[in-house]
Amino acid sequence: MRFIFHYPETGGLDGDVLDAGPLRDVAAAAERAGFDGLSLSEHPVPGARWLASGGHQTLDPFVALGYVAAATERLRLLTHLAVAPYRNPFLLAKAAATLDKLSGGRLILGLGTGYQKSEFHALGVDIDERNALFDETLDVLPLHWSGEPFGYQGRHFSARDVIARPRPVQDPIPVWIGGNSRLSRRRVAERAQGWMPMTGGAQLSTTARTPALGTLDELAAAVSEMRDAAAAAGRDDRIDVLHSYQGPGIEAPAADADRHREALGEIEKAGVTWVLVSSRTASLPATLEFLDSFGATYLRDGR
């Protein structure tokens, strides 16, 4: 398995989005520690009640990950996740292609349908169209990235004999889809390179408008079903699976390391190929300490 560090999120209205440390310093430290990637989430204009009652502050993931790309050499750059229906798909495709080009082919485009009604309203997007708009995005991305002339008639746009250059470095940029529904897994099986199931219990699933996915056995069954569907669709490439590991006590990585290694081993057996961890730290020294300890325990010496 490979490991991604999710930049610690500042919850609520108090504090600053970069309390965990300057993004450049944290990204460079994650790379030194042996992490394979760094991820950032997205909420461009969340509801005030959501943010005040447990939601988290965010940066623009494409701008911020471009900054991370300049500060690092090999870290993969994951949007975890960008809400596809919020954007015209051509603007999303251009942002992704630009980031992939400037980073030398390091972007992983994590996408979701979104769930915050107030955010959809603020951005002028009909939440009831989110699935149709998401599927349009999956149609448009490869056309835009091909670098060849194309046309596409969308719900709210009409592209006639257009072309986009430069092409991204990767062909294609890996698209990972978030969500636990059968529809999400079907999209992954047919059209994406990775799946990002959501863990965190029933309350989080309700908030994010996606079915709960609780036990590791349930995850393993869903992964197997998704990969069987991909094979039935004629695919023979590997589909990645990202799991967010939140084992009790992982904030002190070196403590009870054998238990965490055993848990990570079981996660790998379930079909997971990438693990996402975060530190919940609120200062640069604490974040650097976590990264160094996690790297020494599980990445540089502990793999």
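Refer to the structure printed above.
Structure report, in brief. (Residues numbered from 1 in each chain as written. Predicted model: local features only at pLDDT ≥ 70, side-chain atom pairs only at ≥ 80, totals over all residues. Heavy atoms only, no water.)

Below, the discussion takes up helix α3 (residues 61-71). Residues Pro 61, Phe 62, Ala 64, Leu 65, Val 68, Ala 69 and Ala 71 constitute the buried set of α3. In this fold, the buried residues of α3 make contact with α1 (23-33), β2 (37-40), β3 (76-79), β4 (82-83), α4 (89-103) and β5 (107-112). Backbone nitrogen of Phe 62 and a side-chain oxygen of the N-cap are separated by 3.0 Å at the start of α3; the cap is Asp 60. (Buried < 20%, exposed > 50% of the residue type's maximum accessible area, 1.4 Å probe, protein only. Helix = DSSP H or I, 4+ residues; strand = E, 2+ residues; numbered from the N terminus. Contact = heavy atoms within 4.5 Å. Polar contact = N/O pair within 3.5 Å; in protein donor to acceptor, adjacent residues only side chain to side chain.)

Counting 62 residues, the largest nonpolar core has Phe 35 and Leu 109 as the members making the most contacts within it. When residues in this core are grouped by element, the largest group, six residues, is from α1. Those residues within four positions of Leu 109 in sequence are excluded, and the remaining contacts are Phe 62, Thr 79, Leu 92, Ala 96, Leu 141, Trp 145, Ile 173, Pro 174, Val 175 and Trp 176. Counting eight residues, the second largest nonpolar core, distinct from the first, contains Ile 4, Trp 176, Trp 274 and Leu 276. (Core = buried A, V, L, I, M, F, W, Y, C linked by side-chain atoms within 4.5 Å.)

It is worth spelling out helix α9 (residues 216-232) at this point. If you check α9, its first and last C-alpha atoms are 24 Å apart, about what 17 residues at 1.5 Å a residue would give, namely 24 Å. Looking at α9, one finds that the buried residues are Leu 219, Ala 222, Val 223, Met 226 and Ala 230. When α9 is viewed along its axis, its buried side chains cluster within an angular range of 100° and face the same direction. Turned more than 90 degrees away from the buried face of α9 sit Asp 217, Asp 228 and Ala 232, all of them exposed. Once α9 ends, the next one or two residues include Gly 234, with phi positive near 90°. (Expected span 1.5 Å × (residues − 1). Arc of directions from axis to C-beta.)

What follows covers the packing of aromatic side chains. This model, assessed by the stated rule, comprises 11 aromatic pairs. Ring plane angle 35° and centroid distance 6.0 Å describe the contact between Phe 5 and Phe 290, whose orientation is recorded as tilted. Residue Phe 5 is found in strand β1 (residues 2-6), and its partner Phe 290 is found in helix α11 (residues 284-299); the two are separated by 285 residues along the sequence. For the pair Phe 5 and Phe 290, one class covers both residues: buried. Geometrically, the ring pair formed by Phe 90 and Phe 150 is tilted, given 5.9 Å between the ring centres and 40° between the ring planes. Taken as a pair, Phe 90 in helix α4 and Phe 150 in strand β6 (residues 150-153) lie far apart in primary sequence, 60 residues in all. (Phe/Tyr/Trp six-rings, centres within 6.5 Å; stacked < 30°, edge-to-face > 60°.)

Attention shifts here to the pattern of salt bridges. As enumerated under the stated definition, the model contains 14 salt bridges in all. Put simply, Arg 187 and Asp 135 hold a salt bridge, and the shortest N to O gap is 2.9 Å. With Arg 187 in helix α7 (residues 182-191) and Asp 135 in helix α6 (residues 130-145), the pair connects residues that are 52 residues apart, well separated along the chain. Looking at Arg 187, the relative accessible area reads 4%, which means it is buried. Each of Arg 182, Arg 185 and Glu 225 takes part in salt bridges that share partners, so that together they form one network. (Salt bridge = Lys/Arg side-chain N within 4 Å of Asp/Glu carboxyl O.)

To continue, consider the packing of α6 against α7. In contact at an axis separation of 12 Å, α6 and α7 are set at 10° when each is read in the N-to-C sense. Classified by the interaxial angle, the pair formed by α6 and α7 is roughly parallel. Here Asn 131, Phe 134, Asp 135, Leu 138 and Asp 139 of α6 come into contact with α7, specifically with Leu 183, Arg 187 and Arg 191. (Axes fitted to C-alpha atoms, helices over the stretch in contact; angles between N-to-C directions. Parallel < 35°, antiparallel > 145°, perpendicular 65-115°, else oblique.)

Here we come to the environment of Ser 224. With respect to the helices and strands, the residue Ser 224 is situated in helix α9. Separated by 47 residues in the primary sequence, Ser 224 and Gly 271 have C-alpha atoms spaced 7.6 Å apart.

What follows concerns empty space enclosed by the protein. Using a probe with the size of a water molecule, rolled over the atoms, empty space left in the structure can be pinpointed. With the rule as written, the count across this model stands at one cavity of 30 Å³ or more. Around the largest cavity, the lining residues are His 6, Tyr 7, Pro 8, Glu 9, Thr 10, Val 17, Leu 40, Ser 41, Gln 57, Thr 58 and Leu 59. (1 Å grid on protein atoms, 1.4 Å probe; cavity = no way out; pocket = protein on both sides within 12 Å on 5 of 7 lines; lining within 4 Å. Points joined across faces, edges and corners; volume = space filled by probe spheres on them.)

All right, on to unusual backbone geometry then. Note the cis peptide between Arg 165 and Pro 166, where omega equals 0°. Checked against the element boundaries, Pro 166 lands in the loop between β7 (158-162) and β8 (175-178). Cis geometry is adopted by the peptide bond preceding Pro 172, which originates at Asp 171 and carries an omega value of 0°. Note on placement: Pro 172 falls in the loop between β7 and β8. Despite not being glycine, Asp 256 shows a phi value in the positive range, around 60°. With a phi angle near 60°, Arg 280 is a residue other than glycine that sits in the positive phi range. Secondary-structure assignment places Arg 280 in the loop between β11 (274-277) and α11. Under the relative-accessibility criterion, Arg 280 is labelled exposed at 64%.

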